[in-house]
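The lines below spell out each chain.
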Amino acid sequence: SLILIFTILNRVPDSLLNRKTFKMKKQKTYKKKLIVISLLIVFLIFAGIQFIPPVITNPPVTGNLKVPHEVQTILRNSCYDCHSNETNLSWYDKIVPVSWFVAQHIKEGRSGLNFSEWDKLSAADQKAKLWESVNQVSQGAMPLQSYTLAHPRAKISQKDLKVLENYIWGLRVN
C-alpha cells in the first residue's frame, strides 16, 4: 500500500501538491483567526457586563439575635453573609455574573430568615426559625454547597452542629 501511495504521489504534478499545501495553510490560518476573534468577543462581553453589577445593600440592623458567644460565632461564620444585613462580600463575589447569583441568594436568604431583623419576630417564631435552621444544617441543605465551595470557612463541622443542637434543645426546655 505504501508503494501505491508513492507511485500516486510521483504522478501528481508539483504545482497541484503546492496548491493543496497552500490551501491547508490558509484553512489553519482562518481557524486561528476565528478562535482569536471569538475569544476577543467573549472577553469584551465579559468586560462589558462588569458595568452592570447588582445592587447589594446592607440596611441597618434593627435587632440582633441574642445567643451565647459560641453560637453567635458559628452563625456569623456560616449564615450571616446571606441571612443578615451584615453581608461581607469577598472580591470574587463582586465579579459579574457571579455577583448576580450572590445577590439573588442574599435576597432569598434574607426573605426567609434575617438575623438583623430578629426583633421583628415573636419569641415563638424566633424559636421556630432557629429550630428550622438547625434542621436544615443537619440535613445538609444549609449552608448551600455552592456557597461553601467558594467560602470553605462557612462549612459547619459536626462539633459546630452539636453546639447548635444543644442550644436549640435548651430553648425547648425553657
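Overview of the structure. Bear in mind that the values here come from a model prediction, so they are computed numbers and not experimental data.

Another point: the nonpolar core. Counting residues in each nonpolar core, the largest one holds 20 residues, and the members touching the most others are Leu 65, Val 71, Leu 75, Phe 115, Leu 130, Leu 164 and Tyr 167. Counting only elements with at least two residues in this core, the list comes to helix H3 (69-78), helix H6 (123-138) and helix H8 (158-173). Here this core takes 6 residues from H8, the largest share from any one element. Each residue touching Leu 65, except ones within four places of it in the same chain, is listed here: Gln 72, Leu 75, Tyr 80, Phe 115, Trp 118 and Leu 130.

Look at H6: 23 Å from first C-alpha to last across 16 residues, which is about the 22 Å you get at 1.5 Å a residue. Of all the positions in H6, only Gln 126, Leu 130, Ser 133, Val 134 and Val 137 are classed as buried. Seen end-on, H6 carries its buried residues on one side only, within an arc spanning 95°. Looking at the residues trailing H6, positive phi occurs at Gly 140, about 85°.

Counting across every chain of the model gives 4 aromatic pairs. Plain terms: the ring middles of Tyr 80 and Phe 115 are 5.3 Å apart, the flat faces sit at 10° to each other, and that makes the pair stacked. Of this pair, Tyr 80 sits in helix H4 (residues 80-83) while Phe 115 sits in the loop between helix H5 (98-112) and H6, placing them 35 residues apart in sequence. This pair shows no difference in class: Tyr 80 is buried, exactly as Phe 115 is. The interplanar angle of 85° and the centroid separation of 5.4 Å between the aromatic rings of Trp 91 and Tyr 92 together place this pair among those described as edge-to-face. Three or more aromatic residues link up through ring pairs in this structure, and these residues are Tyr 80, Phe 115 and Trp 118.

Locating Glu 108 in the fold gives a position in helix H5. By relative accessible area, which is 46% here, Glu 108 ends up partly exposed. In sequence terms Glu 108 and Cys 82 are 26 residues apart; their C-alpha atoms lie 8.1 Å from each other.

So, on to unusual backbone geometry. Following Val 96, the chain continues into Pro 97 via a peptide bond in cis, with omega recorded as 10°. Along the chain, Pro 97 turns up in the loop between H4 and H5. Along the chain, Met 142 connects to Pro 143 via a cis peptide bond; the corresponding omega equals -15°. Take Pro 143: it is sitting in the loop between H6 and helix H7 (145-150).

Rules and cut-offs
Residues numbered from 1 in each chain as written. Predicted model: local features only at pLDDT ≥ 70, side-chain atom pairs only at ≥ 80, totals over all residues. Heavy atoms only, no water. Core = buried A, V, L, I, M, F, W, Y, C linked by side-chain atoms within 4.5 Å. Buried < 20%, exposed > 50% of the residue type's maximum accessible area, 1.4 Å probe, protein only. Helix = DSSP H or I, 4+ residues; strand = E, 2+ residues; numbered from the N terminus. Contact = heavy atoms within 4.5 Å. Expected span 1.5 Å × (residues − 1). Arc of directions from axis to C-beta. Phe/Tyr/Trp six-rings, centres within 6.5 Å; stacked < 30°, edge-to-face > 60°.

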